[in-house]
Amino acid sequence: MRKHYLIEVAQNDQLVVFCPSAILQEKEVTRIAFGSRSLEVDFIPHPDHNDRISISREIQQVLQFPSFNIPLHVFFNNQTLIIGPLVGIFTAGFTSLPLEPIGDRTQFFSKLLSVNKTVGALPFVFGEQHIDWDLETIEGYFYHNNGWQTVNIPFPNVIYDRLPNRRCENNPRLIKVRERLQKEYLIPWYNPGFFNKLDIHERLIQDETVAHFLPETLPFTSFSSIEIMLFHFGHVFIKPKNGSLGLGVHQIIYDKHSDDYFCRYQDQNGANRLRKFSSLERLMGTVFANQSLENMLVQQGINLLRCEARSIDFRVHTNKDDMGNWHVSAIAAKIAGPGSVTTHTRSGGDIKTIEEVFSSEECIHSKERLSNAALLLSSALDRQVEGIIGEIGFDLGIDRNGKVWLFEANSKPGRTIFTHPELKEFDLLTRKLSIAFAVFITEQSLIHPKELFK
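Residues numbered from 1 in each chain as written. Predicted model: local features only at pLDDT ≥ 70, side-chain atom pairs only at ≥ 80, totals over all residues. Heavy atoms only, no water.

(A) Spotlight on the overall build of the chain. Counting its secondary structure elements, the chain contains 13 helices and 27 strands. Over its C-alpha atoms, taken along the principal directions, the chain stretches across nearly 85 × 50 × 40 Å. Burial status across the chain gives 53% buried among its 454 residues. A total accessible area of about 21200 Å² is found for the chain, and carbon and sulfur atoms account for 48% of it. (Helix = DSSP H or I, 4+ residues; strand = E, 2+ residues; numbered from the N terminus. Buried < 20%, exposed > 50% of the residue type's maximum accessible area, 1.4 Å probe, protein only. Areas by Shrake-Rupley, 256 points an atom, 1.4 Å probe, with all protein chains shown as cover.)

(B) Focus on empty space enclosed by the protein. Across all of its chains, the model carries 1 cavity of 30 Å³ or more by this definition. There is about 130 Å³ of room inside the largest cavity. Around the largest cavity, the lining is made up of 13 residues, and of these Lys197, His201, Gln299, Phe407 and Glu408 lie nearest the centre. Where the lining of the largest cavity is concerned, the elements lending two or more residues are helix H7 (197-204), strand E21 (296-300) and strand E27 (404-410). In terms of residues, the lining of the largest cavity owes the most to one element, E27, which gives 4 residues. (1 Å grid on protein atoms, 1.4 Å probe; cavity = no way out; pocket = protein on both sides within 12 Å on 5 of 7 lines; lining within 4 Å. Points joined across faces, edges and corners; volume = space filled by probe spheres on them.)

(C) Focus on the nonpolar core. Among the nonpolar cores identified, the biggest contains 42 residues, and Val17, Ile32, Ile53, Leu81 and Ile83 are the most heavily contacted of them. Aside from chain neighbours lying at most four places away, what touches valine 17 is Ile32, Val41, Asp42, Phe43, Ile44, Ile53, Ser54, Ile55 and Ile59. (Core = buried A, V, L, I, M, F, W, Y, C linked by side-chain atoms within 4.5 Å. Contact = heavy atoms within 4.5 Å.)

(D) View of the environment of phenylalanine 277. Mapped onto the elements of the fold, phenylalanine 277 is located in strand E20 (residues 272-277). Residue classification places phenylalanine 277 among the buried positions, given a relative accessible area of 7%. Residues phenylalanine 277 and isoleucine 388 lie 111 residues apart in sequence; the distance between their C-alpha atoms is 46 Å. In contact with phenylalanine 277, other than residues within four places in its own chain, are Asp260, Tyr261, Cys263, Arg282, Leu283, Thr286 and Val287.

(E) Focus on the packing of aromatic side chains. Per the stated rule, a full pass over the model turns up 18 aromatic pairs. An angle of 20° between the planes, with centres 6.0 Å apart, marks the rings of phenylalanine 314 and phenylalanine 358 as stacked. Here phenylalanine 314, found in strand E23 (residues 310-320), pairs with phenylalanine 358, found in the loop between helix H10 (354-357) and helix H11 (360-384); they are 44 residues apart in sequence, far enough to count as distant. Since its relative accessible area comes to 0%, phenylalanine 314 is described here as buried. Ring pairs connect the aromatic residues Phe68, Phe90, Phe124, Phe126, Phe142 and Trp189, which therefore count as one cluster. (Phe/Tyr/Trp six-rings, centres within 6.5 Å; stacked < 30°, edge-to-face > 60°.)

(F) Molecular detail of the pattern of salt bridges. One pass over the structure, following the stated rule, counts 23 salt bridges. Taking the shortest distance from any N to any O, the salt bridge between glutamate 184 and arginine 180 comes out at 3.4 Å. Judged by relative accessible area, arginine 180 falls into the partly exposed class, the value being 29%. A salt bridge links aspartate 395 to arginine 315; its shortest N-O distance comes to 2.9 Å. Here the residue aspartate 395 occupies a position in strand E26 (residues 391-398), and arginine 315 occupies one in strand E23, the gap between them amounting to 80 residues. Just as aspartate 395 is buried, arginine 315 falls in that class too. It is possible to trace a salt-bridge network through shared partners that takes in Lys111, Arg415, Asp427 and Arg431. (Salt bridge = Lys/Arg side-chain N within 4 Å of Asp/Glu carboxyl O.)

(G) Structural detail: the sheet that holds strand E17 (residues 235-240). Strand order across the open sheet formed by 6 strands is E16-E21-E17-E18-E19-E20, with antiparallel pairing between neighbours. Lying at the two open borders of the sheet, with one neighbouring strand each, are strand E16 (217-219) and E20. The sheet shows a mean angle of 20° between the axes of neighbouring strands, taken without regard to direction. Relative to E21, E17 runs antiparallel, the two being bridged by 5 bridges. Note on E21: the bridge partner recorded for phenylalanine 237 is glutamine 299. Set on the sheet, helix H8 (residues 223-233) makes contact with E16, E17, strand E18 (250-255), strand E19 (260-266) and E21; between it and E17 the angle comes to about 135°. (Pairing = 2+ DSSP bridges. Axes fitted to C-alpha atoms, helices over the stretch in contact; angles between N-to-C directions.)

(H) Quick look at the environment of asparagine 191. Following the sequence through the fold, asparagine 191 ends up in the loop between strand E15 (189-190) and H7. For the pair formed by asparagine 191 and glycine 387, sequence separation is 196 residues and the distance between their alpha carbons is 7.3 Å. In this view, asparagine 191 contacts Tyr160, Asp161, Ile388, Ile389, Gly390, Glu391, Ser411 and Lys412; residues no more than four positions away in its chain are not counted. Separated by 2.6 Å, the side chain of asparagine 191 and the backbone nitrogen of glycine 390 make a polar contact. (Polar contact = N/O pair within 3.5 Å; in protein donor to acceptor, adjacent residues only side chain to side chain.)

(I) Broad picture of the pairing of strand E13 (residues 147-154). In this sheet, E13 lies alongside strand E12 (residues 137-144) in antiparallel orientation, the contact comprising 8 bridges. When the sheet's bridge partners are listed, tyrosine 141 is paired in E13 with threonine 150. As consecutive antiparallel partners, E12 and E13 are separated by 2 residues, and within that stretch asparagine 145 has a phi angle of approximately 50°, a positive value.

Right, here's the structure in full:
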């Protein structure tokens, strides 16, 4: 079983490490490492404590170990005792404001980094401009004692990708940074990219364990394909392949009695609209006049469960833990705003706990169905998608027959559901797990490096 050890700095300059005698009885160690720095030292049993490791000021300076007085894990590799993990959180959008160094995402990062003591890891935030390639150091942003401070530290054991959008992800300069850290320095990188809706659908539809969760989804090719789907399902959704936050989603409904077509969407001013057309061609020519339909997909409409005559879907978060196992870490119900095509709060949607939506017996069954689906889907994405995945946010629906459907999988899920006061503990759990997974990745990089970097 892994243990945490408090790392303390002794006021001497000897190249000596005092550590619990149990460690020295089990392992032969001659070096100590922190991130990409290591040093040959002498190891001596700690005379006073079995729960801490003492290093000298000289060792601290060589390792560039910050004095934050937090417990960390220890790992062993080639007679080296490794303290950490040092977890780099890679992002963009830094400012010159001391109290808001990462702009409007500063609060999120301060909360994310604040789990360090309970997880036994040392996370920091950085961008490409903070890397000194010559010295192989990073000016890392740490959140300590309720404030931000920068410390020069070595390259980390593992990197957690928190780039804010696809524009940053596709930036050639940032791509080069990621490739260099992964390939030249062999640093594992998890949650490396945003999902493409159609690509994820095409991968999962081939996996028989989860294919039954997927609504029929096609790239837009012609009006006739929409007509066929409307004939079968009564309504369809047209979505951007790379969309997020519900932006650009349109619902098209066909009324076979009046032979009319309706389109529900949010206009450029943020107002929810419902418009009626006599033909699909007229609808498409009006609503999508200035849009490139080549970047859109068409998805089967589902008759979802409703609350107060409004559609409900569910956000289900899954995370891997420090043993690399998937867990459902949060479930919330999202109720569509009046006249809205999506359940997003920006379109007037409401967030509720699942207990607020269902009776006690229905709640148990619904939680079980949603959790089972999310865990199956997480494992399938692990098999089907390249890179190391540590967290996913699923948008799932339950139809009126109780069947679960997958609408979307998000590799960098938003956190709006955690504004609900009764979901605060799950907010903390998802943050803990997202950093705890770095412990597992660090350990695997030492034990099975070829498997991790295949």
